[in-house]
Amino acid sequence: MTQTENKPATQETPFVPIEKIVALCKRRGFVYPNSEIYGGVSGIYDFGPLGVELRNNIRRFWWWSMVQLHDNVVGIEGAIITHPRVWEASGHVENFVDRLVDCKNCKRRFRIDHLPPENVVSNRCPVCGGELTEPRTFNLLMETYLGVVEGERMKTYLRGEACQNIYLDYDNVLKSSRMQIPFGICQIGKAFRNEVTPGNFLFRQREFEQWDLQFFVHPSEMQQWFDYWKEKRFEWYKGIINHKDRLHFREHGPDELAHYAKQAFDIEYQTILGWQEWEGIHWRQDWDLSRHSEYSGQDLSYTDPITKEKYIPWIVETSGGVDRTFLNLLIDAYEEEPDPSGKEARTVLRLHPTLAPVKVAVLPLQKNKEELLTTARSIHNKLKRLMVSQYDDVANIGRRYRRQDEIGTPYCVTVDFQTLDDGTVTVRERDHTSVWYSEDRCDY
Ligand code: ATP
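Residues numbered from 1 in each chain as written. Predicted model: local features only at pLDDT ≥ 70, side-chain atom pairs only at ≥ 80, totals over all residues. Heavy atoms only, no water.

Three or more residues of helix α1 (residues 18-28) are buried, namely I18, I21, L24 and C25. All buried residues of α1 project into a common sector of 125° when viewed along the axis, lining one side. Looking at the buried positions of α1, the neighbouring elements they touch are β1 (31-33), α9 (322-333), β17 (334-337), β18 (346-349) and α11 (397-407). Remark: G29 follows α1 within two positions and exhibits a positive phi of approximately 80°. (Buried < 20%, exposed > 50% of the residue type's maximum accessible area, 1.4 Å probe, protein only. Helix = DSSP H or I, 4+ residues; strand = E, 2+ residues; numbered from the N terminus. Arc of directions from axis to C-beta. Contact = heavy atoms within 4.5 Å.)

Turning next to the nonpolar core. The biggest cluster of nonpolar side chains holds 59 residues, and the ones touching the most others in it are I21 and F30. Counting residues per element, this core draws most heavily on helix α7 (residues 222-240), which supplies eight residues. The next biggest cluster of nonpolar side chains, apart from the first, holds 19 residues, and it includes I76, Y170, V173 and L289. (Core = buried A, V, L, I, M, F, W, Y, C linked by side-chain atoms within 4.5 Å.)

This part takes up the site of the ligand. With respect to spatial proximity, 17 residues lie near the ligand, and among them R193, E195, R204, Q205 and E277 are the closest. R193 is positioned with one of its side-chain polar atoms (N or O) 2.8 Å from an oxygen atom of the ligand. Q205 places a main-chain nitrogen or oxygen 2.8 Å from a nitrogen atom of the ligand. Protein chains shield 85% of the accessible area of the ligand, which is 590 Å² for the free molecule. At the level of elements, β10 (207-217), β13 (274-285) and β16 (314-321) are the ones that each hand at least two residues to the shell around the ligand. With four residues, the top contributor of residues to the shell around the ligand is β13. (Near = heavy atom within 4 Å. Polar contact = N/O pair within 3.5 Å; in protein donor to acceptor, adjacent residues only side chain to side chain. Areas by Shrake-Rupley, 256 points an atom, 1.4 Å probe, with all protein chains shown as cover.)

To continue, consider the environment of E309. Mapped onto the secondary structure, E309 falls in the loop between β14 (302-303) and β15 (310-311). In contact with E309, other than residues within four places in its own chain, are H218, Y302, T303 and D304.

So, on to the packing of α1 against α11. At their nearest, the axes of α1 and α11 sit 11 Å apart, and the two run at 120° to each other. Classified by the angle their axes make, α1 and α11 are oblique. For the element pair α1 and α11, the recorded crossing hand is left-handed. For the pair formed by α1 and α11, the contact residues are L24, R27 and R28 on the first element and R403, E406 and I407 on the second. Here the contact of α1 with α11 is built from residues that sort into two nonpolar, no polar and four charged. (Axes fitted to C-alpha atoms, helices over the stretch in contact; angles between N-to-C directions. Parallel < 35°, antiparallel > 145°, perpendicular 65-115°, else oblique. Left-handed = near helix turned anticlockwise from the far one by under 90°. Nonpolar A, V, L, I, M, F, W, Y, C, P; charged D, E, K, R; others polar.)

Before going further, it helps to examine unusual backbone geometry. Following I181, the chain continues into P182 via a peptide bond in cis, with omega recorded as 5°. Looking at the element boundaries, P182 is found in the loop between α6 (164-177) and β9 (183-192). The backbone phi angle of K107 is positive, close to 70°, even though this residue is not glycine. Structurally, K107 can be placed in the loop between β4 (97-102) and β5 (109-111). If you check the backbone angles, F201 has positive phi at about 60° while not being a glycine. Structurally, the position occupied by F201 is in the loop between β9 and β10.

All right, on to the packing of aromatic side chains then. By the definition in use, this model includes 24 aromatic pairs. Judged by centre distance (6.2 Å) and plane angle (50°), the ring pair of W62 and W63 falls under tilted. Taking the centre distance of 5.5 Å and the plane angle of 70° together, the rings of Y269 and W278 count as edge-to-face. Judged by relative accessible area, which is 2%, W278 ranks as buried. One aromatic cluster is present, formed by F61, W62, W63, W64, W211, W236, Y237, Y269 and W278 through successive ring pairs. When the ring centre of W236 is taken as reference, the NZ or CZ atom of R233 above it lies at 4.6 Å. Above the face of the Y401 ring, R428 is positioned so that its terminal group lies 4.3 Å from the ring centre. (Phe/Tyr/Trp six-rings, centres within 6.5 Å; stacked < 30°, edge-to-face > 60°. Lys NZ or Arg CZ within 6 Å of the ring centre and 35° of its normal.)

Right, let's talk about the packing of helix α2 (residues 49-68) against α9 for a bit. Closest axis-to-axis distance for the α2/α9 pair is 10 Å, and the angle between their directions is 110°. With respect to α9, the axis of α2 lies roughly perpendicular. When you trace α2 past α9, the crossing you get is right-handed. Between α2 and α9, the contacting residues are G51, L54, R55, I58 and R59 on the first element and V322, D323, T325, F326, L329 and L330 on the second. Its residues placed into classes, the contact of α2 with α9 shows six nonpolar, two polar and three charged.

Turning next to empty space enclosed by the protein. This model, assessed by the stated rule, comprises three cavities of 30 Å³ or more. Roughly 50 Å³ of volume is contained in the largest cavity. Top element by residues in the lining of the largest cavity is α9. It accounts for three residues. A breakdown of the residues in the lining of the largest cavity according to their chemical character gives five nonpolar, three polar and no charged. (1 Å grid on protein atoms, 1.4 Å probe; cavity = no way out; pocket = protein on both sides within 12 Å on 5 of 7 lines; lining within 4 Å. Points joined across faces, edges and corners; volume = space filled by probe spheres on them.)

Set out below in structure tokens:
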């Protein structure tokens, strides 16, 4: 098979309304509202049969790029619940807050840091111009309790960010995996936040999944590794999208930087919602390990095996979201392509073939010839051992192609009458630019 060429996207391609993505996700089994039969829970979603395939592919590809391809990076999987002191050391109990205001007129709620500056100054709602309430402060950590006996239960938190486990396990990894600085630890895992303004579908949820790299370095090499990972991550995202011009860095201004950070960059992607953070590249210096050393009383410093220098390692963090990747990829891939013959436009997801939930569909041309069906089923049975394959013999061939286009399947294998004569099939590529249905015949 020839490699699928993704159709180049241009700036003129209009932004996709989020409602179209939400509808497609529900219709085709990517994403469902959580507890829908009870009316749903705002900011929490479930993933359906195709959604889970796409998520697994996204996770796998990140893990492969970050852990498997880097000899100096290993992975862990930490627990969602940790000792409550972790969140005191990390500063979340004290500082993980959102300040929000409500519009007295239209009752909309806004995070102050998301309001346009002129509305903060005028204290007016950006939507209806109504007066805004006094700011109120909310902590985003989700509380939970360990233990069964009332009065003896310990209050703790569902983790507000996944990366804390990496600091907690840093010393264990160092001792058990014979890593030496510079080295990194990766993790993918759920995080929970009582977001005060959940919304925009998967973009801001209360339960979501993050991926993190924490890369531990000698202070003198911080800048070099920061630059390395910043570029690496940008190229990674660029490699999986079509609209390359909708990706950029936004450097944090001095008023946004944490006191220990010399620099911070967000990788942002542009959608109908504007430019939004996809992943953050952070200069964390020795903040995290120093804090956990202080709060736990354990020495988390590192002794260089050659120079014997003892120091707290500095950290470069790259922290992004599986869910924002999922959403941005669907937005980036979605296209409605007019039919040259004037029929209904075809909806196509131009997903990178590595990430597409279904890699191949095997389609007998017609249903009324048993030999076509058995041959198609036997090809599907071979293919499904290697990749996610679907067999489909329901409806005419054009409709079946469209069903696959809508979920981003890069290849369709069509079994026709010639197949029975010479053992070849038609391979149709989803993204062939010049004709709708390219017809390269292949042996099988
Ligand atoms: P934002 O400014 O959008 O609230 P953040 O700066 O708080 O994001 P981080 O704490 O740095 O985000 O989290 C790292 C990544 O986790 C983000 O880049 C994003 O991809 C993802 N993420 C953060 N909050 C959410 C959420 N509520 N829902 C889905 N993904 C999220």
